[in-house]
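# An overview of the molecular structure
In case you want the letters, here they are:
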Amino acid sequence: MEYLPEDGVLPGITEGEIVVIRSARRKKNISAYRQGGRIVISIPARMSKADEREMVPQMIAKIRAMEDSKIPSEEKMVERVGELLAELAPEITERPASVAWRSMRERWGSCTSLDRTIRISDRLKGAPDFVLDSVLFHEAIHLRHFDHGEEFYAVLSRFPQSERATAYLDGYEDAERALAAPEILKKVLHSQP
Ligand SMILES: [Zn+2]
């Protein structure tokens, strides 16, 4: 497998990171998959530039369409926060004004209690329900308890699968680090507008 950094970014694509790998072993097929926040597309080493420019956006569109059909909408997440609070923390009567997907690499979620807005990292778009629930619940508690104090953790501990969820999130971050692009490729990727 060889990386051709100048092929790492397609013009006009700014959402997420797209990595194109030219594989000498690959003769015909294209494969595309999600790797952390990236979409990785593996194409035959000999594919022409023209074919690459045509095929790669198609693969990206295909992956996004497949993912979109499974992603909870922002309205659904507002509803879900309400359900989680009603079930696990009925004493918290605050409800979020909005729950929005955001591109966040450093955090899984954030909550601004002042205007009751919650943001969830788009890295969770493919996560199992209990993992998304755990992050939603965490941020929802911040509507009442602003910092990570004793009261906050007392409520958080009511989430039934928090150990499993934490293991998933830690594993995800480890994988992201392990699969980080080589320095030279990173430089190219980060020069995106
Ligand atoms: Zn927090």
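Heads up: the structure comes first, above all this text.
Note that this is a predicted model, so its numbers are computed, not measured.

Looking at the secondary structure, you find histidine 142 in the loop between helix H3 (129–141) and helix H4 (150–156). Among the polar contacts listed, one links the side chain of histidine 142 to the side chain of histidine 138, at a separation of 3.3 Å. Contacts of histidine 142, omitting those with residues within four sequence positions, involve Cys111, Ser113, Asp147, His148 and Phe152.

A few words now on the coordination of the zinc ion. Each protein donor to the zinc ion is listed here as His138 (NE2), His142 (NE2) and His148 (NE2); together their distances run 2.0 to 2.1 Å. Going along the chain, you hit the donors of the zinc ion in the pattern H-x3-H-x5-H.

According to the stated counting rule, one finds 3 aromatic pairs in the structure shown. Here tryptophan 108 and tyrosine 172 contribute two aromatic rings whose centre-to-centre distance is 5.3 Å and whose plane-to-plane angle is 85°, an arrangement assigned as edge-to-face. Here tryptophan 108 is found in the loop between strand E5 (98–102) and strand E6 (109–112), whereas its partner tyrosine 172 is found in helix H5 (residues 162–178), with 64 residues between them in sequence. Relative accessible area serves as the criterion here: at 16%, tyrosine 172 is assigned to the buried category.

Another aspect to go through is the pairing of strand E2 (residues 17–23). Taken across its 7 residues, E2 has 7 buried, putting it largely inside the fold. By the bridge criterion, 7 bridges tie E2 to strand E4 (residues 38–44) in an arrangement that is parallel. Each residue of the ladder has a partner; that of valine 19, found in E4, is valine 40.

As a further point, take the pairing of E4. Among the 7 residues of E4, 7 are classified as buried, and the element is accordingly described as predominantly covered. With 5 bridges joining them, strand E3 (residues 31–35) and E4 adopt antiparallel strand pairing. If you follow glutamine 35 over to E4, its bridge partner there is arginine 38.

Looking now at the pattern of salt bridges. All told, the structure shown has 7 salt bridges when counted by the stated rule. Put simply, glutamate 83 and arginine 80 hold a salt bridge, and the shortest N to O gap is 2.5 Å. Of this pair, glutamate 83 and arginine 80 are both found in helix H2 (residues 74–88), 3 residues apart, which corresponds to roughly one turn of the helix. By relative accessible area, arginine 80 is classed as partly exposed at 26%. Notably, a salt bridge pairs aspartate 133 with arginine 80, separated by 2.7 Å at the nearest N-O pair. Taken together, the positions of aspartate 133 in helix H3 and arginine 80 in helix H2 put the pair 53 residues apart, joining distant regions of the chain. Since its relative accessible area comes to 11%, aspartate 133 is described here as buried.

Glancing now at unusual backbone geometry. Although it is not a glycine, arginine 116 sits at a positive phi angle of roughly 55°. Take arginine 116: it is sitting in the loop between E6 and strand E7 (117–121).

In this structure, Leu85, Ile120, Leu124, Leu136 and Phe137 are the most contacted members of the largest nonpolar core, which totals 31 residues. Of all the secondary structure elements, the ones that give two or more residues to this core are H2, E5, E7, H3, H4 and H5. The biggest single contributor to this core is H3, with 8 residues. In contact with leucine 136, other than residues within four places in its own chain, are Met77, Arg80, Val81, Leu84, Val99 and Ile120. Grouped together as the second largest cluster of nonpolar side chains are 11 residues, Ile30, Ile39, Met59 and Ile60 included.

Reading the values: the criteria
Residues numbered from 1 in each chain as written. Predicted model: local features only at pLDDT ≥ 70, side-chain atom pairs only at ≥ 80, totals over all residues. Heavy atoms only, no water. Helix = DSSP H or I, 4+ residues; strand = E, 2+ residues; numbered from the N terminus. Polar contact = N/O pair within 3.5 Å; in protein donor to acceptor, adjacent residues only side chain to side chain. Contact = heavy atoms within 4.5 Å. Donors = N, O, S within 2.8 Å, 3.2 Å for Na, K, Ca; no water. Phe/Tyr/Trp six-rings, centres within 6.5 Å; stacked < 30°, edge-to-face > 60°. Buried < 20%, exposed > 50% of the residue type's maximum accessible area, 1.4 Å probe, protein only. Pairing = 2+ DSSP bridges. Salt bridge = Lys/Arg side-chain N within 4 Å of Asp/Glu carboxyl O. Core = buried A, V, L, I, M, F, W, Y, C linked by side-chain atoms within 4.5 Å.

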